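Tertiary structure, described
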Amino acid sequence: MTESQPVTPQEFPPTLREVMLRGRWIGVLLLCLVVAGVFAWLGQWQLARAIDTDPPAPGATEQVRPIDDVIEPGQYLPEPLGGQKVTTSGEWIAEDFIVISSRFNEGEEGYWVTGQLRVADRASIAVALGWAPTRERADAAAAALARQDASEVELTGRLIDDEGVELPPADDIFALTRMSPAALLGQWHDVERLDVYRPYLASLTAPEGLVDIHSPAPAEKSPINWLNIFYAAEWAIFAGFAFYLWYRLAKDAWEREVEEFEDARA
C-alpha cells in the first residue's frame, strides 16, 4: 500500500470569471435580472405616457360646447380641457354675489364679482362675471345683480381649474383673494346636498358696470411630456446600476480572495 501523495497547495488565485461563475454570484445575478426587469418595465410605462398619441386638435378649446358634454359636477377638469369654452344656463342665487380681490386684468389689479349659478335642481357652478378696478364699483355691481329678477340666463365662458384655498387675513375672515369654488361654497346659501362643479366658469361677457375678464385661449401644449421621458431615462439608469452592483460585489469578493491568497503565500 503506497502512501498518499501530499495535496499540492494552490499556486494561483482564482480569476474574476471563476468567482462570478460560482453558484452564489449566479444567484445574485438572477436577482439583479429581476430587479432590472422591474425597472425596465417602469421605464417603458413612463415612456408610453410621455407621448400623447391622441392630442386635442388645434383650437379645440375655442369650440363652444355644452358643459354637460365636457364635465359633470364633482369631477376634476382633465388637463386638455383647461380653458375650454362652454355654454350653460341657470338662475342666479341673489345672496351669493361675492367680490374677490387681487384680480389682474391685462396687468391692472382690481376685483372680480362672482356668483352662484344654479344650473339644475341641486347643482351649481361658480362664475366669475366681470372685473372692476375698485372695490366700490365691484360692490355696486354685485348689489345691482342681487336686485335683478330671478330668471334663467345663458352664459358662455371658459372652464378654469380651482385656484386653491388661501387663509384669509385676520381682520376679515370672509375676504377672498383666489377664485376657488371650494372657498366660495363656504359662503354660499342653500348648499345642503348641493353638487358643485370643481372648476369655475370665467364669463366671456361682463354684466353692466363691469369689464370683461381677459381670458385668452390657452397655449397649445406639446404632445411630448419631457418630464416623463426624464423619468424613463432614470429607470433605465437604475436598471443598469443593478448589473453594476452585481459586478462590483463579485469583484470585491474576488479582490478579498486574492489578498488572502497573497497573505497566505507571504
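Residues numbered from 1 in each chain as written. Predicted model: local features only at pLDDT ≥ 70, side-chain atom pairs only at ≥ 80, totals over all residues. Heavy atoms only, no water.

**Quick notes on a negative patch on the surface**
Using the following cut-off: Within the patch definition used here, like charges are joined within 9 Å and nonpolar side chains (Val, Leu, Ile, Met, Phe, Trp, Tyr) within 5 Å, considering only residues with over 30% relative accessible area and no salt bridge. For accessible areas, the Shrake-Rupley method is used with a probe of radius 1.4 Å. Any residue's cover is judged against the shown protein chains and nothing else. The rule for a salt bridge is simple: a side-chain nitrogen of Lys or Arg has to be within 4 Å of a carboxyl oxygen of Asp or Glu. By the counting rule applied here, Lys and Arg register as positive and Asp and Glu as negative, while His and the ends of each chain are not counted. One atom stands in for each charge, and that atom is NZ of Lys, CZ of Arg, CG of Asp or CD of Glu. Secondary structure elements are taken from DSSP: a helix is a run of H or I of four residues or more, a strand is a run of E of two residues or more, and numbering for both begins at the N terminus.
On the surface, a cluster of negative charge is made up of Glu259, Glu260, Glu262 and Asp263. If you trace the backbone, Glu262 turns up in helix H5 (residues 226-265).

**With respect to unusual backbone geometry**
This is how the line gets drawn: Remark: exposure states derive from per-residue accessible area (1.4 Å probe, protein chains only) relative to the maximum for the residue type, with buried under 20%, exposed over 50%, and partly exposed in between.
For Glu106, which is not glycine, the phi dihedral falls at a positive 55°. Of note, Glu106 is situated in the loop between strand E3 (98-105) and strand E4 (108-120). The exposure class assigned to Glu106 is exposed, which follows from its relative accessible area of 66%. With a phi close to 55°, Arg193 is a non-glycine residue in the positive phi region. For Arg193, a relative accessible area of 76% corresponds to the exposed category.

**Side note on the pairing of E4**
How we decide: Only when DSSP finds a minimum of two bridges between them are two strands counted as paired.
Alignment of strand E2 (residues 85-92) against E4, held across two bridges, turns out to be antiparallel. Across the sheet, Trp92 pairs through a bridge with Leu117, a residue of E4. Direction of pairing for E3 relative to E4: antiparallel, over a ladder of six bridges. By the bridge assignment, Asn105 is partnered in E4 with Glu108. Between E3 and E4, which pair antiparallel and follow one another directly, the connecting turn spans two residues, one of which, Glu106, has a positive phi of 55°. Pairing of E4 with strand E5 (residues 123-132), which is carried by nine bridges, proceeds in the antiparallel orientation. Among the inter-strand pairings, Ala120 is bridged to a residue of E5, identified as Ala123. Adjacent in sequence and paired antiparallel, E4 and E5 are bridged by two residues.

**Regarding H5**
The line we're drawing: Any helix carries an expected span of 1.5 Å times its number of residues minus one. Any two residues having at least one pair of non-hydrogen atoms within 4.5 Å are treated as being in contact.
With 40 residues, H5 extends 58 Å between its outermost C-alpha atoms, agreeing within 8% with the 58 Å of an ideal straight helix rising 1.5 Å per residue. Here H5 has its buried residues at Asn228, Ala232, Ala239, Ala242, Trp246, Ala250, Ala253, Val258 and Phe261. Buried residues along H5 sit against helix H1 (16-20) and helix H2 (23-48).

**Some remarks on a nonpolar patch on the surface**
Side chains of Leu21, Ile26, Leu30, Leu33 and Phe243 sit close together on the surface and give an oily, nonpolar patch of about 440 Å² of accessible area. Here the nonpolar patch gets three residues from one element, more than from any other, and that element is H2. Assessed through its relative accessible area of 42%, Leu33 is described here as partly exposed.

**Brief notes about the side chain of Gln84**
On the secondary structure map, Gln84 appears in the loop between strand E1 (65-66) and E2. Accessibility expressed as a relative area gives 1% for Gln84, which makes it buried. Not counting chain neighbours up to four residues away, the residues in contact with Gln84 comprise Ala60, Thr61, Gln63, Arg65, Val70, Gly157, Arg158 and Leu159.

**A look at the layout of surface pockets**
Spelled out, the test is: Cavities and pockets were defined on a 1 Å grid built from protein atoms only: a cavity is a group of points that admits a 1.4 Å probe but offers it no way out, a pocket is an open group of points flanked by protein on both sides within 12 Å along at least five of seven lines, and a lining residue is one with an atom within 4 Å of any such point. Grid points are joined across faces, edges and corners, and a volume is the space filled by probe spheres set on the points. Residue polarity follows a fixed list, in which Ala, Val, Leu, Ile, Met, Phe, Trp, Tyr, Cys and Pro are nonpolar, Asp, Glu, Lys and Arg are charged, and the others, Gly among them, are polar.
By volume, the second largest pocket is sized at about 190 Å³. As for the second largest pocket, its lining consists of Trp92, Leu129, Leu145, Gln148, Val153, Glu154, Leu155, Thr156, Ser203, Thr205, Ala206 and Pro207. Sort the elements by how many residues they give to the lining of the second largest pocket and strand E6 (residues 153-160) lands first, with four residues. Counted by class, the lining of the second largest pocket contains seven nonpolar, four polar and one charged residues.

**What to know about helix H3 (residues 135-147)**
Note the cut-off: By arc we mean the arc of the directions from the helix axis to the C-beta atoms, nothing more.
Look at H3: 18 Å from first C-alpha to last across 13 residues, which is about the 18 Å you get at 1.5 Å a residue. Listed as buried for H3 are Ala138, Ala141, Ala142 and Leu145. All buried residues of H3 project into a common sector of 100° when viewed along the axis, lining one side. Opposite its buried face, H3 presents the exposed residues Glu136 and Arg147, each directed more than 90 degrees away. On its buried face, H3 is in contact with E3, E4 and E5.

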